[in-house]
Amino acid sequence: MASPASGEGHGARERSGRRRRSAWLAACASSLVAAACTGNLGGDGDGQSGDGRPGGEQPGDEQPGANAQCAPRLAPRVVLLPDLQFTNSVRALLGDAAVQADQAPDDRTKPFMKKGFSVGTSLVRTRLDAAAHAAGSLEGRFQQVTGCATDGDDACARDFLSRFAAQAFRRPLGATELEDLWQVVEVGKEESYERGVKLAVEAILASPSFGYRTELGEERRDGVVKLSPHELASELAFFLTDSPPDAELMAAADSGALRDPEEVARQTERLLALPSTQRSLSTTLLAAWGLSNLFGTVKDPGMFPEYGPALQASMFHETELFLDATLWDRGADVSELLTSRETLVNEPLAKVYGVEHSGAPEEFSPVTLPADQRAGLLTQASLMATLSRTDNTSVVARGLFVRGALLCLPKLPSPPESLAGAVDELLNADMTERERAEVRAMNPTCGACHQGIDPFGLMLENYDALGRYRETIEGSPIDAHVEVKGIPGLSESYANAIAFADAIAKQKEFAACLTRNLVTYGTDDERLTPNDCQVASVVEALPEGERTLPAIVKAIATSRALTDRTEEE
């Protein structure tokens, strides 16, 4: 079993020495050589980086300015609504009663991207069932929802279905669509008038026009397709709120006003002032950082008896409150997410951080964390607990987080399957995390990969698997000093995670990565990198110190990444 994450108070085993013998390290290193990972730092083994750039090219090599020509990347397409957006659309039309509580996705744990999310028998069945349940929910409130009596007349039903379908499809109805719906009504009317209308409602919610949104465009010139006002309204609404366009945004689409970028900016500013939009965008960032994985983590109960669902919820909520206070209440530059020592904790979290708590035990109260121990998001308990194993920290998981989710550096190749046994052996060895990193570094091939991962994780070794600050492991001082190599703009020595967070907060990499994640969520384009003009033009246009989340989102909303598509594949 690996050594405990925290050396004090958890029954740490006796060691034969404070440091592992060099012979042990050499033996482990030699065992990895035969099945070493392949590729160069930043490459994927075939001369390309994980995002398609030549293997030697790194973020920062190309710096397109704000005025650079930014050609569309995406072709016209139809986009399947993910479960959260589908459910929110049903709820917006027919209220909470229309959604089965046990089937509703948790918006706190929404997925960042839709990998593996595709139309199959299971999804179709689930959505047909959801449409049937929503239509059935009209029982007992038919008149309240439709405005028609249960034995009403055709004119009332036609009027309701015309309005309802236009809302559901997020666009005006086509010439024959209402007549097609009326044929469904006629079938249901053989049982009753109410049944006919319910059946039509079910058909609307089961329709592709409800479960998908289009990006087919209306204006085509020089190979560029401009989204229609209704398409843009849907894209903007789902990007900002994970819900369909509200009445005012739909009115702007109906009138054609959304063809004007100034109106798009005005609508974005209006939506950004709504608490629901702010909450949705904060959750998008949490999803990009993988914080919802916290709820699936398990800790050794003998080592961490206090860890469980209640503490997990407290950790996650602290980060939610931290984002609200920093990004929305204070409107701070996004770099302060890395430097702020201000947060809110309840009593259980105060014990994790070793600070005093005021108020009721479950009340979240503002505190200032020690400046020599904490630096914003990077050292929060939610993140440290998520990026740890059951009984120990994980240098690799933490390093990959900093590299990927936080800075959007090029992807590195995964180790080959033939290395799995050696990796397990190394994980189970009675060693410190730094010693494991030394083993990886001694292998010339794997070291090329891990020099871009391990330093980011080693600098976080002051935080145990629960996120508690510590200075020793089993009596041995922790060395959190690291040297980052081979990454332009970041290659230097850092005393610890605090020094690193303060350093990168002064650079643009974090703001560029955050922007990339938001553009990616809004467009569902996973290929984007911070160097692509869709991202770089947004970041370059915002003055340093004024890269607030509302400013970034507004710039994205009015950019060509959202409005333009290309006719060329």
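Parameters and conventions
Residues numbered from 1 in each chain as written. Predicted model: local features only at pLDDT ≥ 70, side-chain atom pairs only at ≥ 80, totals over all residues. Heavy atoms only, no water. Helix = DSSP H or I, 4+ residues; strand = E, 2+ residues; numbered from the N terminus. Buried < 20%, exposed > 50% of the residue type's maximum accessible area, 1.4 Å probe, protein only. Contact = heavy atoms within 4.5 Å. Areas by Shrake-Rupley, 256 points an atom, 1.4 Å probe, with all protein chains shown as cover. Core = buried A, V, L, I, M, F, W, Y, C linked by side-chain atoms within 4.5 Å. pLDDT = per-residue confidence, 0-100. Phe/Tyr/Trp six-rings, centres within 6.5 Å; stacked < 30°, edge-to-face > 60°. Lys NZ or Arg CZ within 6 Å of the ring centre and 35° of its normal. Disulfide = S-S within 2.5 Å. Axes fitted to C-alpha atoms, helices over the stretch in contact; angles between N-to-C directions. Left-handed = near helix turned anticlockwise from the far one by under 90°. Nonpolar A, V, L, I, M, F, W, Y, C, P; charged D, E, K, R; others polar. Polar contact = N/O pair within 3.5 Å; in protein donor to acceptor, adjacent residues only side chain to side chain. Salt bridge = Lys/Arg side-chain N within 4 Å of Asp/Glu carboxyl O. Pairing = 2+ DSSP bridges. Expected span 1.5 Å × (residues − 1). Arc of directions from axis to C-beta.

Here the focus is the overall build of the protein chain. Helix and strand counts for the protein chain come out as 26 helices and 11 strands. Evaluated residue by residue, the protein chain yields a buried proportion of 55% over its 569 residues. Here the analysis covers contacts within the protein chain between residues at least 6 apart in sequence; of these, 72% occur between residues at least 24 apart. With the model as given, the accessible surface of the protein chain reaches about 24,100 Å², and the carbon-plus-sulfur share is 51%.

Residues Trp-289, Leu-378, Val-402, Leu-406, Leu-514 and Leu-518 are the most contacted members of the largest nonpolar core, which totals 99 residues. Setting aside residues up to four positions removed in sequence, Val-402 forms contacts with Leu-378, Leu-407, Phe-456, Met-459, Leu-460 and Phe-500. By size, the runner-up hydrophobic cluster in this structure holds 32 residues, among which are Phe-160, Phe-164, Val-185 and Phe-238.

Moving on: the confidence of the model for the protein chain. Considering every residue of the protein chain, the mean pLDDT works out to 87; 85% of them sit at 70 or more. Considering only residues more than four positions removed or in separate chains, one finds that residues 1-68, a stretch of pLDDT under 50, has 172 contacts.

Counted according to the given criterion, the structure contains 8 aromatic pairs. Aromatic side chains Phe-456 and Phe-500 sit 5.6 Å apart centroid to centroid with 55° between the ring planes, which places their arrangement in the tilted category. One end of the pair, Phe-456, is in helix α21 (residues 454-458); the other, Phe-500, is in helix α22 (residues 497-505), and 44 residues separate them in sequence. Classification of Phe-456 as buried rests on a relative accessible area of 1%. Taken together, the ring pairs connect Phe-456, Tyr-494 and Phe-500 into an aromatic cluster. Directly above the aromatic system of Tyr-307 lies the positively charged group of Lys-299, at a separation of 5.7 Å from the ring centroid.

Right, let's get into the state of the cysteines. This structure, assessed with the given rule, holds 3 disulfides. Two residues share a disulfide in this structure: Cys-70 and Cys-533, whose sulfurs sit 2.3 Å from each other. Sign of the S-S torsion, about 85° for the bond between Cys-70 and Cys-533, identifies this disulfide as right-handed. Of this pair, Cys-70 sits in the loop between α1 (22-33) and β1 (77-80) while Cys-533 sits in helix α24 (residues 533-541), and the two are 463 residues apart along the sequence. With respect to class, Cys-70 is no different from Cys-533; both count as buried. Here the disulfide map of the protein chain reads 1-6, 2-3, 4-5, the bonded cysteines being numbered as they appear in the sequence.

Here the focus is the packing of helix α11 (residues 261-272) against helix α25 (residues 549-557). Where α11 meets α25, the closest approach of the two axes is 9 Å, and the angle between their N-to-C directions is 145°. The hand of the α11/α25 crossing is right-handed. Contact residues: Val-264, Ala-265, Thr-268, Glu-269 and Leu-272 in α11; Pro-550, Val-553, Lys-554 and Ala-557 in α25. Here the contact of α11 with α25 is composed, by residue class, of 6 nonpolar, 1 polar and 2 charged.

Moving on, we get to unusual backbone geometry. Here Asp-242, not a glycine, exhibits a phi torsion of approximately 60°, which is positive. Along the chain, Asp-242 falls in the loop between α9 (229-241) and α10 (247-255). Residue classification places Asp-242 among the buried residues on the basis of a relative accessible area of 2%. For Glu-474, which is not glycine, the phi dihedral falls at a positive 50°.

This part is about the side chain of Thr-386. Relative to the elements of secondary structure, Thr-386 occurs in helix α16 (residues 381-386). You can call Thr-386 buried: its relative accessible area is 13%. Engagement of the side chain of Thr-386 in a polar contact is seen with the backbone oxygen of Ser-382, the distance being 2.7 Å. Excluding its chain neighbours within four sequence positions, the residues that come into contact with Thr-386 are Gly-290, Leu-291, Asn-293, Leu-294 and Thr-297.

Okay, the pattern of salt bridges next. Per the counting criterion, the structure on display carries 36 salt bridges. A salt bridge links Arg-171 to Glu-177, with the nearest nitrogen and oxygen atoms 2.8 Å apart. In this structure, the salt-bridge partner of Arg-468 is Asp-464, at a minimum N-O distance of 2.8 Å. Residue classification places Asp-464 among the buried residues on the basis of a relative accessible area of 0%. If you follow the salt bridges from partner to partner, you end up with Arg-77, Arg-213, Glu-215, Glu-235 and Arg-565 in one network.

Okay, the sheet that holds strand β3 (residues 219-221) next. The sheet built from 3 strands is open, its strands ordered β3-β4-β11 with antiparallel pairing. Both outer strands of the open sheet, β3 and β11 (564-566), are each paired with one neighbouring strand and no more. If you compare each strand with its neighbour and ignore which way they point, the axes differ by 25° on average. Bridge analysis of strand β4 (residues 224-226) against β11 gives 3 bridges, and the strand direction is antiparallel. Within the sheet, the bridge partner assigned to Val-224 lies in β11 and is Thr-566.

In this section: the side chain of Ser-335. Along the chain, the position of Ser-335 falls in the loop between α13 (309-329) and α14 (336-339). In contact with Ser-335, other than residues within four places in its own chain, are Ala-505 and Phe-510.

Next up on the list: the environment of Glu-218. Of note, Glu-218 is situated in the loop between β2 (212-215) and β3. Residue Glu-218 is classed as partly exposed on the basis of its relative accessible area of 36%. Once the C-alpha coordinates of Glu-218 and Ser-228 are considered, the two residues, 10 residues apart in sequence, prove to be 5.4 Å apart. Excluding its chain neighbours within four sequence positions, the residues that come into contact with Glu-218 are Val-225, Lys-226, Leu-227, Ser-228, Pro-229 and Arg-259. In this structure the side chain of Glu-218 is engaged in a polar contact, spanning 2.8 Å, whose partner is the side chain of Arg-259.

With that settled, consider helix α6 (residues 177-189). Under the 1.5 Å per step criterion, the end-to-end length of α6 is 19 Å for 13 residues, consistent within 8% with the ideal 18 Å. Glu-177, Leu-178, Leu-181, Trp-182, Val-185 and Gly-188 are the residues of α6 that are buried. Looking straight down α6, one finds that the buried residues subtend no more than 130° of arc, so they occupy a single side. Away from the buried face of α6 by more than 90 degrees, exposed residues Gln-183 and Val-187 are located. Lining the buried residues of α6 we find α5 (154-169), α7 (193-206) and α8 (208-211).

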